[in-house]
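# Understanding the architecture of this molecule
Below are the chains, spelled out letter by letter.
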Amino acid sequence: VDTAVSLSDLGRTALALVGCSTETESFPGKSLLDLSREADSPRRHLFADYQLYGDELSCVREGPWKLVLNLDNQEKRLFDTRLPEGERGEFDRLTVHAEVQQRLESAFIEYAGAAARETAGLTAEQVIDPRQALERLRALGYTR
């Protein structure tokens, strides 16, 4: 598949691989088999969040564009993933590609609003201390 995909695509992909219907609400995303057959896949937004250690970051991606939002300090960075790693942050793409930034920010606002509505009634049964979590990850060899 020559397009960005999401882990949420794996459920539908597994169903398709074993010959089951992928028309289910149980699994979000798209089957990677369907994506591989589409010559021009429609505009698709993929989202990622990172909140365990350090600043709270969220990301929205559309095609080659990736907008990273730092929700703690309100910093925004727009990347063109087609460029080599060292060239991705050399100029202010937020100014140069304002229309892309606006489109991705709007998609993120819609995504965050839907997530807030879906989780509005949920409460945590257990609070995890980040320092204790890091210590446990170190003990398992995941971090140094």
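The paragraphs below set out a description of the structure included in this document. On a predicted model such as this, the values are computed, not experimentally measured, just so you know.

Our focus in this paragraph is the pattern of salt bridges. In this structure the tally under the stated criterion is five salt bridges. The partner of aspartate 9 in a salt bridge is arginine 44, and the shortest N-O contact between them spans 2.4 Å. One end of the pair, aspartate 9, is in the segment before helix H1 (10-17); the other, arginine 44, is in the loop between helix H2 (32-37) and strand S1 (45-50), and 35 residues separate them in sequence. Since its relative accessible area comes to 0%, aspartate 9 is described here as buried. With a relative accessible area of 21%, arginine 44 lands in the partly exposed category.

A separate point is the sheet that holds strand S2 (residues 57-62). One open sheet holds the four strands; their spatial order is S1-S2-S3-S4, and the pairing between them is antiparallel. Looking along the sheet, the strands with just one partner apiece sit at the ends: S1 and strand S4 (76-80). Shown here is a sheet whose adjacent strand axes are inclined to one another by a mean of 15°, direction ignored. Of the strand pairs in this sheet, strand S3 (residues 65-70) and S4 are connected by five bridges, and their pairing is antiparallel. Following the sheet pairing, valine 68 is matched in S4 by arginine 77. Along the sheet, helix H4 (residues 98-119) contacts S1, S2, S3 and S4; its crossing angle with S3, the most-contacted strand, is approximately 60°.

Rules used throughout
- Residues numbered from 1 in each chain as written.
- Predicted model: local features only at pLDDT ≥ 70, side-chain atom pairs only at ≥ 80, totals over all residues.
- Heavy atoms only, no water.
- Salt bridge = Lys/Arg side-chain N within 4 Å of Asp/Glu carboxyl O.
- Helix = DSSP H or I, 4+ residues; strand = E, 2+ residues; numbered from the N terminus.
- Buried < 20%, exposed > 50% of the residue type's maximum accessible area, 1.4 Å probe, protein only.
- Pairing = 2+ DSSP bridges.
- Axes fitted to C-alpha atoms, helices over the stretch in contact; angles between N-to-C directions.
- Contact = heavy atoms within 4.5 Å.

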